[in-house]
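Read off the chains here:
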Amino acid sequence: METTPLNSQKELSVCKDGEDCQENGLLRKGVPASGDKVESGQISNGYSAVPSPGAGDDTPHSIPAATTALVAEVHSGERETWGKKMDFLLSVIGYAVDLGNVWRFPYICYQNGGGAFLLPYTIMAIFGGIPLFYMELALGQYHRNGCISIWRKICPIFKGIGYAICIIAFYIASYYNTIMAWALYYLISSFTDQLPWTSCKNSWNTGNCTNYFSEDNITWTLHSTSPAEEFYTIWKGVKTSGKVVWVTATFPYIILLVLLVRGATLPGAWRGVLFYLKPNWQKLLETGVWVDAAAQIFFSLGPGFGVLLAFASYNKFNNNCYQDALVTSLVNCMTSFVSGFVIFTVLGYMAEMRKEDVSEVAKDAGPSLLFITYAEAIANMPASTFFAIIFFLMLITLGLDSTFAGLEGVITAVLDEFPHIWSKRRELLVLGVVVTCFFGSLFTLTFFIICSFLMSPPQLRLFQYTYPHWSVVLGYCIGTSSFICIPTYIIYRLIITPGTLKERIIKSITPETPTEIPCGDIRLNAV
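Residues numbered from 1 in each chain as written. Predicted model: local features only at pLDDT ≥ 70, side-chain atom pairs only at ≥ 80, totals over all residues. Heavy atoms only, no water.

J.: So what about the packing of aromatic side chains? Which residues, and what values?
T.: For the coordinates displayed, the defined rule picks out 27 aromatic pairs. On the numbers, 5.7 Å between centres and 80 degrees between planes, the contact of Tyr175 with Tyr176 is edge-to-face. In terms of burial, Tyr175 and Tyr176 fall into one category: buried. The structure contains a cluster of three or more aromatic residues connected by ring pairs, namely Tyr107, Tyr110, Phe275, Tyr276, Phe337, Phe341 and Phe344. (Phe/Tyr/Trp six-rings, centres within 6.5 Å; stacked < 30°, edge-to-face > 60°. Buried < 20%, exposed > 50% of the residue type's maximum accessible area, 1.4 Å probe, protein only.)

What follows is the structure in structure tokens.
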């Protein structure tokens, strides 16, 4: 059997059984007739060894031949790929390592048994998080599609999942934009000789303001509020990205190291570390601890948001994504663990200053842990301005990485699903996505509906403020707006598909388009 390269000038006018023929611009592999012997150039499983044109080496590439009819065609427009392997790794690490690693993991860890929590966390990572992380990288790299169009190659009737992912990505981007806006405001406010949340002598302070770091004798009561809490409350009302992550993905690690060293030298730091890691083995008997461990690993690694699909789709086809999954997962989990030391050394210091237990100081969770508790501790350190600046810069870079990644997942999905509309208008699409997220962020500046709703339905509270009933209803509507895409598209798909109900279901669960398998200058499509 002779194999003719696609760029050959030889015209094949006659197609015979068992031979290759060029027809309508396509090179179709001939299927050997039954009884034909496998030639020496073929592998016993029906694959033939064909060198990659222009590869410059003798490495054979396996091309499916006998068992399935294959169509190989020239690809004029190659899909964009990462400039360097490290660009991809840093982008994935930057996406996975986000603000949740800094504030959520330490809180969840001490709340669920301290050091004992590391056992269910590790088990969930090994048997849940990392396999899903790897699966999404593998799917994206193999099919080379975003989270919407990839379902055409898996199970078309579930394409609504892709649309739901995009909607969720918009909500998360809006939320992260708000967090970054807070960090930016704190960063700008840090360029002063005295940080504004240091004292109780500002115009916005109330009579309950208590600065226990002052030299005066003070008593911390149930109604006392710190200057940092009052400051927070009064004002709160691919190739290119691959280069950006060299700064945004590495800078937080430098800052974490600086803050870790500084925190370890503070008085009372050991109290925080002991509180963080002291194991409570009885907690492992509680179901909620294992649920929190699973939730944390999924929050941390971030599978299912379409970002890993998008990033991996720009990889080279033979990239070792298994190794990538292990490396990035390990870096992510270790970052969460180290962040706990950064946070709890400072909480131990605050407990020492307040003369209270660490458990009383560590009541804050989520953003308030950073913007109130940690900010207050920084304000009373030597060189507080310097540490405040680098800390809030770290928060901004952590948020930027995750926001870049989330929006890239949406943009890739839309470009792959509607290439005839947006392939030459990428800049306009990006502008539209960014503007939409900006207006979405304006709502979260006033109401923390989305995240508060997800964490503690049905009653929403922020400090002493209880949100009205209509905001709870709106939160349910926002939550419903994403997953409603799944049954809606299933119904839509069954309606537009011709045939009987059985035929419609069969067609809807059968992949529509083949997956291209690159091999040198050709692409092989299973048909």
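J.: Provide a residue-level description of the packing of helix H2 (residues 99-111) against helix H9 (residues 287-301), including the pertinent values.
T.: Angle between the axes and distance between the axes are the two parameters that describe a pair of packed helices. Close contact between H2 and H9 brings their axes to 11 Å; oriented N to C, the two are set at 170 degrees. Taken together, the axes of H2 and H9 are roughly antiparallel relative to one another. Across from Gly100, Asn101, Arg104, Phe105 and Ile108 in H2, the residues of H9 making contact are Asp292, Ala295, Gln296, Phe299 and Ser300. Class assignment of the residues belonging to the contact of H2 with H9 gives a composition of four nonpolar, four polar and two charged. (Axes fitted to C-alpha atoms, helices over the stretch in contact; angles between N-to-C directions. Helix = DSSP H or I, 4+ residues; strand = E, 2+ residues; numbered from the N terminus. Parallel < 35°, antiparallel > 145°, perpendicular 65-115°, else oblique. Contact = heavy atoms within 4.5 Å. Nonpolar A, V, L, I, M, F, W, Y, C, P; charged D, E, K, R; others polar.)

J.: Residues and numbers for empty space enclosed by the protein, please.
T.: In this structure, the largest cavity encloses a volume near 30 Å³. For the lining of the largest cavity, the elements supplying multiple residues, two or more each, are helix H1 (85-96), helix H7 (251-264) and helix H14 (384-417). Across the lining of the largest cavity, the residue classes tally to six nonpolar, two polar and one charged. (1 Å grid on protein atoms, 1.4 Å probe; cavity = no way out; pocket = protein on both sides within 12 Å on 5 of 7 lines; lining within 4 Å. Points joined across faces, edges and corners; volume = space filled by probe spheres on them.)

J.: Requested: an account of H7, with residues and values cited.
T.: Each turn of an α-helix holds 3.6 residues, which means side chains three or four residues apart point in the same direction. If you check H7, its first and last C-alpha atoms are 20 Å apart, about what 14 residues at 1.5 Å a residue would give, namely 20 Å. Those residues of H7 lying buried are Pro252, Ile255, Leu256, Leu259, Arg262 and Gly263. One side of H7 carries all its buried residues, which in axial view fall inside an arc of 130 degrees. Facing away from the buried side of H7 by more than 90 degrees, the exposed set consists of Ile254, Leu257, Val261 and Ala264. (Expected span 1.5 Å × (residues − 1). Arc of directions from axis to C-beta.)

J.: Give a description of the side chain of Thr335 that names residues and reports values.
T.: Structurally, Thr335 is set in helix H11 (residues 321-354). Polar contacts involving the side chain of Thr335 include one to the side chain of Tyr253, which spans 2.8 Å. The residues touching Thr335, leaving out its near neighbours within four places in the chain, are Val97, Tyr253 and Leu256. (Polar contact = N/O pair within 3.5 Å; in protein donor to acceptor, adjacent residues only side chain to side chain.)

J.: Summarise the confidence of the model for the protein chain; cite the residues concerned and give the values.
T.: As a note on interpretation, predicted positions should not be read in detail where pLDDT is low. On average, residues of the protein chain score 75 in pLDDT, and 72% of them reach the 70 mark or higher. When mean pLDDT is compared element by element in the protein chain, helix H19 (residues 485-496) scores highest at 94, while strand E3 (residues 47-51) scores lowest at 37. For the stretch residues 1-76, pLDDT sits under 50, and the model shows 108 contacts to residues farther than four places along the chain or on other chains. When the criterion is pLDDT under 50, residues 448-457 qualifies, and its contacts beyond four places in sequence or with other chains add up to 21 contacts. (pLDDT = per-residue confidence, 0-100.)

J.: Requested: an account of the nonpolar core, with residues and values cited.
T.: Core analysis: the largest hydrophobic core is formed by 80 residues, its most contacted members being Leu259, Phe371, Phe391, Phe392 and Leu395. Residue contacts for Phe392: discarding those within four places in its chain leaves Ala183, Tyr186, Leu187, Ser190, Trp197, Phe371 and Ala375. If you look at the next biggest cluster of nonpolar residues, it comprises 18 residues, including Ala173, Ala413, Leu415 and Cys437. (Core = buried A, V, L, I, M, F, W, Y, C linked by side-chain atoms within 4.5 Å.)

J.: Please give an account of the packing of H2 against helix H4 (residues 160-189) that cites residues and values.
T.: Direction vectors running N to C along H2 and H4 enclose 85 degrees, while the axes themselves pass 12 Å from each other. Classed by the angle they form, the pair H2 and H4 counts as roughly perpendicular. Contact with H2, carried on its side by Leu99, Gly100 and Trp103, involves Tyr175, Tyr176 and Ile179 of H4 and no other residues of that element. Looking at the contact of H2 with H4, its residues break down into five nonpolar, one polar and no charged.

J.: Requested: an account of the environment of Pro106, with residues and values cited.
T.: As for its placement among the helices and strands, Pro106 is situated in helix H2. Apart from residues no more than four positions distant in its own chain, Pro106 is found in contact with Asn101, Tyr276, Ser339, Gly340, Ile343 and Phe344.

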